[in-house]
Amino acid sequence: MTAEKARLLSSAVIFAGCLFFGLAAEGQNPPARQPWTTSRVQGSPVAPEPFRLAPAFANLRFQLPTSVEESPSGRLLVTQRDGKIFSFPNQADVRSADLVADLAAGLTGELAAKGVSLFDAELHPKFVENRFLFVCYVHPDGGGQTRLSRLTLTADDAPRVAPGSEKVVLTWPSGGHNAGCLEFGTDGFLYIATGDGTGPNPPDGLTTGQTVTDLLGAILRIDVDRTSGELAYVVPADNPFVEMKGARPEIWAYGLRNPWKFGVDPKTGNIFAADNGWESWEMVHQIVRGGNCGWPVMEGRAALRTEVPVGPTPIRPPVMDHSHTEANSVIGGPVYRGNKLADLDGSFVYGDYITGTIWAIRPNPAGGYGVRTLVDTDQRIVAFTQTSRGQLLVLDYDFTGQIYELLPSDVPDTSATFPRRLSETGLFASTAKLEPAAGVVPYRVKVAPWNDGAAAQRWVAIPGTGQIELSAGEQPASYPEGTVLVKHLSLPQASGDSIRLETQLLHLERGTWRPYSYLWDEAGQDAQLVDPAGASRPLKPAGLAERTWRVNATNECKLCHNAGPRFVLGFVPNQLNMTPLVAAGVFAKPAQPPADDPLRLVDPHDPTQPLEDRARSYLHVNCAMCHHPGGNAIVSFFLRRDLPFEKLNTNKGTGIGTFGMPEAKIIAAGDPYRSVLLYRMAKLGYARMPYIGSQVVDSDGVLLIEKWIRSLPAEAGGSVSTPLAANSQEAGALKLVTADRRTDAMFDTAVQTLLKSTPASLALIARLHGSNLSEQGAQSAIGYGSAVNSADVRGLFDTFLPENKRRVTLGASPDPQKILSLTGDRARGQLIFASDGARCRNCHDASDRGQSIGPTLQEINKKYAKRDELLQHVLQPSLKVEDAFAAHAALTNDGRTVTGLVAEQSDQEVVLKTAEKQLVRIRRAEIAELRKSPKSLMPDQILSDLTAQQAADLLEYLRSLGSGP
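Throughout this description, residue numbers start from 1 for each chain and increase along the sequence as written. Predicted model: local features are reported for residues with pLDDT of at least 70 only, side-chain atom pairs are reported and counted for 80 or more only, and whole-chain, interface and lining totals are derived from all residues. Water and hydrogen atoms play no part in the side-chain values, which are based on all heavy atoms of the structure.

**Q** Looking at this model, I keep getting lost on the overall build of the protein chain. Mind explaining?
**A** A count of helices and strands for the protein chain gives 18 helices and 41 strands. Counting across all 965 residues of the protein chain, residues that qualify as buried make up 53%. Two residues qualify as a contact provided that any one of their heavy atoms is within 4.5 Å of a heavy atom in the partner residue. By sequence separation, contacts in the protein chain at least 24 residues apart represent 58% of the contacts at least 6 residues apart. Here the accessible surface of atoms and residues is derived via Shrake-Rupley with a 1.4 Å probe, and residues count as covered only by protein chains that are part of the display. Total accessible area on the protein chain is roughly 41,500 Å²; 50% of this is exposed by carbon and sulfur atoms. Comment: elements are numbered from the N terminus, with helices defined as DSSP H or I runs of at least four residues and strands as E runs of at least two. Relative accessibility under 20% of the residue-type maximum defines a buried residue, over 50% an exposed one, and the middle range a partly exposed one, all with a 1.4 Å probe and only protein chains included.

Take a look at the structure:
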C-alpha cells in the first residue's frame, strides 16, 4: 500500500468515525467498532520491578481484614475489623476458613449496635504450651476503650476460643488513631503500638505525642508472663521511664502518630515502625529504648507544631520518609529473614495503603538506609506477615479482601521497546493531527475536572474486539487486558489556536492500571514519554504571563487513581453519554444510570441547572477521589455526590488551621468567608487543595463554591460576628472597591481595610476571580495583597502573580554563591536525600558501583573534594563529562533509541546501562548510529525544586559521605 493510499484510508476511517457518532446521536444503528490492532502500548517503559504479587489463596476473601498471623501448626489466622478471627491451613487450594472467635458476639443492645474494631492478633511465643492469643481491639463499653486482651484457644486442628477465657490485660482511651499492632520481641516481651488517640485534624489534638505521662502515641513494652498486684503484667525493669516521676513505665518509645504496624528483626531484635504522617510526610522509624520519634513537633523531617515542648529525650529523625507525592498511608511489615526471598534478607518491608507500593529498606555502608521499590500494586495494603516457609504475605483491606504472596518477578523486560514517543504508541493514525487509529473511540465526560485551564480530549482504546463491563453497584468494572484510556490536554489561546501540553495514558497491564504521560514538543508535532519523576515545560501563552506546565510524577497520579475510587475516574456510568459507546460495541452489557441516580452529575457551569447539583458535581469530580469514606487516613470529611449534605461531615472545624477566620468550619453554611474549603481552593502554596496536580486556581470553581456556600441555610442561632457583618467597616469597604464612583485614595483605603482580615481578604479575592474590579483596580489590589505581612492573606494572591514573583526556589538558574553562603545541616540533608527531594539516589549509591548509574557518591567526593566544586558538578552536570560516564544514544535500524552509559562493547554488540539501571544488549548489526551525547545522563536543574537552604543541607550530607577507604 502506498503512503498516499494509507493516508486516504486513514482519513476515511476518521470520517467514518465522525459519521458513526452522528448516526449514534440520531438513534440509528451504525457499524460496530473496528478492532484496535495497532497497539504498541505493551509492557512498561522501565525495567520490571524485582517482585510481583500473586494471590496466595485464590478462593478466600475476607471482609475488611486487618492482620494475618501464622500459628506453629502452620495454620494462618486472619482478623477482621468486625471482631471476627478466622483460621485456615496454609494451602493454596483452601476454599474456606474456620471461625476462631467473634469478639462482638457477647454484645447486646446499644453496645451491639456500636460493635468492636479489631486491629491485630499475636500468638504467644510458647503458644503450643499455653494456647495464648493476644488481641488488640476497641470495645464499646464505657464510651469506647482500646483493649489488650488475652484469649485461650482450644487445641483442636481448627482451634476456637475457649468460652469465658478472655483476660483484659491493659486498656487505654480509644480515638481516631488507635494503632494496635502487637509483636513479641526477641527478648520475650510484648510490644504494643498506640496512636495519639484523636482523628486526623488537628494534628495531635490531645497534644500527647511528646508526653510520657499517658500511654498514647507510643510503643509499649510489657512482660505478660508475670503479674504484679492487680496488674496482669509486669513492667520490665530496664524500660526507659521506670524511674521517672509521673511517667508511664510501660513506654518503650514515643512521639508517634499512628504506627499501624511494626516489625521485629528475629535475628537482631531491631524494631522498625511505619508511622502515618499528617499532610506532607510518611515516616519509617527505628524504635529504640527511650526513642523520641518527634510527633507532633516534627512530621518526618519537617517542623510542624514547634510550640509543643520536646519530651524527655531528644528527637530522632526517621530512618526513611516519603513525601505525600509518593506515599499516603504507610503500613509496616516484617524484617524479612528467610531463604525463599534471599535478596530481601535483613530488609524491613513496608507498603502504602493508598498507592499500593511496597518498599524495602536495609542498612547501607554509609551508615544510613538504602530504600528500593519492590513492586507497585493496586492493593489496599493493610498488613504483612512472614511464614515459617519463608513466604512473605500481603493482606488487602477492601479492594479484594484477599491475601497475596510477594514473589520474584516473572515479567519480561520490555523497557527497550516501550514507545518513547506518542507517535509510536499506535493510538493515532496521525499524531500531528490527533487522528485516532482505527478502533480507538473518542468519548466525552459530563463534568471535566479542573486541569489548570487546559481543555481535554479523550479516547478509549481496547485491543482487538474486547469489550468493557462497567461497574454495577459494588461489582467492579471489567476491562480487557491492554485497555488504554487517553486524555489529551491543550491550552486554548485567544487567537483560537491552542498549545499542546501533554497526553496522559492509563494502561491496564497484567491486571494493574499504570499511568504514563507524554509531554509535547513546542512545535506540537509529537510528544515524548515523561520520566516517572515528572517533568516541567515553560509556556509563553499569547497575551498571558509566562507560566510552567507541570507533568505529575507517576506516584502523584496514583494518589487519585487508586483502589479507593476504583482507579478509573472518568470512564464511569455517571460521566458518560452511553449511546454512542454502546453503538460502537465498547460495552458488553450496556447500562444507563437511572435518572434519579444519587451519583447523577451535571455541568457545574450550566446556569440552567440547580446550584446545589452544580456545586456538588464540581466537588465530586475534583475532590471525591480522595474525600470519600474509604479515603486515606487524613480524610475527615467527604465530598461524594451521592452522600446527603448532612453526611459530608463538613460542619466542623479543621485541624490544619483557621487561617485567621473566626470560628472557621470546613463549610460554614451561609458564610463562605469562614469556610476553609473555599479558602484552600482559592490559594496556592502551603495548605492549597488540591495539594498535587494543580498550580493554577480555578476562578469559576471558586465563584461557584462561594455562591453555593452562601446559599446554604445558616445554622439556627449560629451567627458569628465576622469582619463582613452587615454595616461593618469591612462590608462598606467591599462595596467601595467595586463601586463606579470612587477616588484612587478611597479605593486604596478600602483595599487596605479588607486586607486586615482573612475573611475580608477572601471576599476581595472572590471579586478578583469574578473580574468585578477594573483592570487598574485589580492590579492595585493584587499589589497590596501580595505585600502584606500575613501569610494567611498573602497566599491568596499568588495565583494572580507571575511565577517569578512567588516564593523563590532554586529554579532553572540557581545562584551557587547563595547556596555556598549558607551553613548546611547533615541530618536534614540526609533526609532530603533519602526522601528523594533532590532525586540523587535514583542514580547514585553511596559506595556500590553496581547500584549506581555513573560514579558512586564516594567517587564523586574524591574527585570534587571542595564544596564549591561539588556544587558546580551538581548544578552543571554537563560542564565536564568523563568518557567513562558519557551518555550514548544507540539509534537502531527499526527506529528505536536506547540511551545510557556504555557498559560493554565488542565487535558484535554494545551493552548500554540505562537510567533505570538495566543492561540493554544491542547487536552491532542492528545499530544504525551510536551517538555520544555532549549532555550528561544526569539531568539539568536537578535541584530546581529545592530552596537554597535545602540545597546547602543536601550538599553537606553528600560531602559527609567522604571518599571511601
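**Q** Would you mind showing me how to read the sheet that holds strand S4 (residues 84–88) here?
**A** Note on sheets: strands pair through backbone hydrogen bonds, and any given pair is parallel or antiparallel. On the basis of which strands lie adjacent, the open sheet formed by 4 strands has the order S2-S3-S4-S5 and antiparallel pairing. With one partner strand each, in any of the chains shown, strand S2 (65–70) and strand S5 (98–102) form the two edges of the open sheet. Direction aside, neighbouring strands of the sheet carry axes that sit 20 degrees apart on average. Two strands make a pair as long as DSSP finds a minimum of two bridges between them. Of the pairings in the sheet, the one linking strand S3 (residues 76–80) to S4 comprises 4 bridges and is antiparallel in character. If you follow Leu77 over to S4, its bridge partner there is Ser87. Axis lines are fitted through C-alpha atoms, for helices just across the contact stretch, and the angle between N-to-C directions can take any value from 0 to 180 degrees.

**Q** Mind showing me how you'd approach the nonpolar core here?
**A** One recurring pattern in soluble globular proteins: nonpolar side chains tend to sit buried together. Core analysis: the largest hydrophobic core is formed by 64 residues, its most contacted members being Leu148, Leu344, Ile358, Ile403 and Leu406. Contacts of Leu406, omitting those with residues within four sequence positions, involve Phe51, Arg52, Leu53, Leu341, Leu344, Ile358, Leu374, Val375 and Leu392. For our purposes a nonpolar core is just a set of buried Ala, Val, Leu, Ile, Met, Phe, Trp, Tyr and Cys residues, chained together by side-chain atoms within 4.5 Å. Listed in part, the 55 residues of the second largest apolar core include Phe659, Met681, Leu684 and Phe797.

**Q** Is there a simple way to explain the packing of aromatic side chains in this structure?
**A** Here a ring pair, both rings aromatic, is described through the centre-centre distance and the interplanar angle of the planes. Each pair of aromatic rings taken from Phe, Tyr and Trp, with Trp reduced to its six-membered ring, is defined by centres within 6.5 Å and is described as stacked if the planes are under 30 degrees apart, edge-to-face if over 60, and tilted in the remaining cases. Considering all chains together, one arrives at 20 aromatic pairs under this definition. Taking 5.0 Å as the distance between ring centres and 75 degrees as the angle between the ring planes, the aromatic pair formed by Phe57 and Phe88 counts as edge-to-face. Within this pair, whereas Phe57 is found in the loop between strand S1 (51–55) and S2, its partner Phe88 is found in strand S4, the two being separated by 31 residues in sequence. Assessed through its relative accessible area of 0%, Phe88 is described here as buried. Ring centres of Phe418 and Tyr516 lie 5.0 Å apart, and the angle between their planes is 50 degrees; this geometry places the pair in the tilted category. Here Phe418, found in the loop between strand S26 (403–408) and strand S27 (428–430), pairs with Tyr516, found in strand S33 (residues 512–520); they are 98 residues apart in sequence, far enough to count as distant. The pair Phe418 / Tyr516 is uniform in exposure class, with both members buried.

**Q** Any chance you could explain the sheet that holds strand S30 (residues 455–461) here in plain terms?
**A** One open sheet accounts for 6 strands, arranged S29-S30-S31-S32-S33-S34; its pairing is antiparallel. Across the chains shown, the open sheet's two edge strands, defined by having one partner strand only, are strand S29 (440–443) and strand S34 (527–529). Each strand axis lies, on average, 25 degrees off the axis of its neighbour in the sheet, ignoring direction. In the sheet, S33 pairs with S34 via 3 bridges, with the strands oriented antiparallel. Bridge pairing links Leu519 to Gln528 in S34.

**Q** I'm lost on the pairing of strand S39 (residues 909–913) in this one. Help?
**A** Side-chain direction in a regular strand flips from residue to residue, so the side chains alternate between the two faces of the sheet. Most of S39 sits out of view: 4 of its 5 residues are buried. In this sheet, strand S40 (residues 919–923) lies alongside S39 in antiparallel orientation, the contact comprising 5 bridges. When the bridges of S40 are listed, Glu909 appears paired with Arg923.

**Q** Explain the pattern of salt bridges to me, please; I cannot follow it from the model alone.
**A** Once the charged atoms of two side chains with opposite charge are near each other, the side chains can pair. Any Lys or Arg side-chain nitrogen found within 4 Å of a carboxyl oxygen on Asp or Glu counts as a salt bridge. The final tally for this structure, using the stated rule, is 28 salt bridges. The salt bridge involving Glu612 is made with Arg616; its shortest N-O contact spans 3.6 Å. Of this pair, Glu612 and Arg616 both sit in helix H6 (residues 611–623), separated by 4 residues, roughly a single helical turn. Residues participating in the shared-partner salt-bridge network are Asp82, Lys84 and Asp102.

**Q** How should the packing of helix H8 (residues 699–711) against helix H11 (residues 758–769) be read in this particular structure?
**A** Remark: H8 packs on H11, axes separated minimally by 9 Å, with the N-to-C direction vectors making an angle of 130 degrees. One way to sum up the angle between H8 and H11 is to call them oblique. The two elements H8 and H11 cross, and the hand of that crossing is left-handed. For the pair formed by H8 and H11, the contact residues are Ser699, Val702, Leu703, Glu706 and Arg710 on the first element and Ala766, Arg767 and His769 on the second. Gly is placed with the polar residues, together with every amino acid not listed as nonpolar (Ala, Val, Leu, Ile, Met, Phe, Trp, Tyr, Cys and Pro) or charged (Asp, Glu, Lys and Arg). Looking at side-chain class alone, the contact of H8 with H11 contains 3 nonpolar, 2 polar and 3 charged residues. If an angle is under 35 degrees, it is roughly parallel; if it is over 145, roughly antiparallel; if it lies from 65 to 115, roughly perpendicular; otherwise it is oblique. Here a crossing is taken to be left-handed if its near helix is turned anticlockwise relative to the far helix by less than a right angle, and right-handed if that turn runs clockwise.

**Q** Before we go on, may I ask you to explain helix H17 (residues 867–875) in this structure?
**A** Helical geometry note: an α-helix holds 3.6 residues per turn, so side chains three or four residues apart project in the same direction. Of all the positions in H17, only Arg867, Leu870, Leu871, His873, Val874 and Leu875 are classed as buried. Close packing links the buried residues of H17 with helix H14 (816–820), helix H16 (857–863) and helix H18 (948–960).

**Q** Is there a simple way to explain H18 in this structure?
**A** If you check H18, its first and last C-alpha atoms are 19 Å apart, about what 13 residues at 1.5 Å a residue would give, namely 18 Å. Among the residues making up H18, those that are buried are Ala948, Ala951, Ala952, Asp953, Leu954, Leu955, Tyr957 and Leu958. Downstream of H18 by a residue or two, Gly962 has a phi angle that is positive, lying close to 70 degrees. To estimate the expected span of a helix, subtract one from its residue number and multiply by 1.5 Å.

**Q** Just to check I follow, could you spell out the confidence of the model for the protein chain for this structure?
**A** Interpretation of this model should avoid reading the predicted coordinates in detail wherever pLDDT is low. When pLDDT is averaged across the protein chain, the result is 86; 88% of the residues are at 70 or more. The predictor's confidence in any single residue is recorded as pLDDT, a number from 0 to 100. Under a pLDDT of 50 for its full length, residues 1–31 has, in the predicted model, 24 contacts with residues more than four places off or in other chains.

**Q** When you look at unusual backbone geometry in this model, what are you seeing that I'm missing?
**A** When glycine is set aside, most residues are seen to have a negative phi, and most peptide bonds are trans. Note the cis peptide between Trp295 and Pro296, where omega equals 0 degrees. Tracing the backbone through its elements, the reader meets Pro296 in the loop between strand S16 (281–287) and strand S17 (298–299). Omega for the peptide link from Met689 to Pro690 comes to 0 degrees, which places this bond in the cis form. Phi is positive for Asp452, close to 55 degrees, though the residue is something other than glycine. Phi is positive for Glu663, close to 50 degrees, though the residue is something other than glycine. Positionally, Glu663 belongs in the loop between H6 and helix H7 (676–681).

**Q** What exactly am I supposed to notice about the environment of Arg514 here?
**A** Counting through the fold element by element, Arg514 comes out in strand S33. For the pair Arg514 and Thr377, spaced 137 residues apart in sequence, the C-alpha separation works out to 9.5 Å. Beyond its immediate stretch of four places on either side in the chain, Arg514 contacts Glu49, Asp376, Leu505, Leu506, His507 and Glu509.

**Q** Got a minute to help me understand the packing of helix H9 (residues 729–737) against H11 in this structure?
**A** A packed helix pair is summarised by two numbers, namely the angle formed by the two axes and the spacing between the axes. With their axes 11 Å apart at the nearest point, H9 and H11 run at an angle of 15 degrees to one another. With respect to each other, H9 and H11 are oriented roughly parallel. Helix-helix and strand crossings are classified by hand; for H9 and H11 the assignment is right-handed. Side by side, H9 and H11 meet where Glu730, Leu734 and Val737 of the first sit next to Ala760, Ala763, Leu764 and Arg767 of the second. Of the residues belonging to the contact of H9 with H11, the class tally is 5 nonpolar, no polar and 2 charged.

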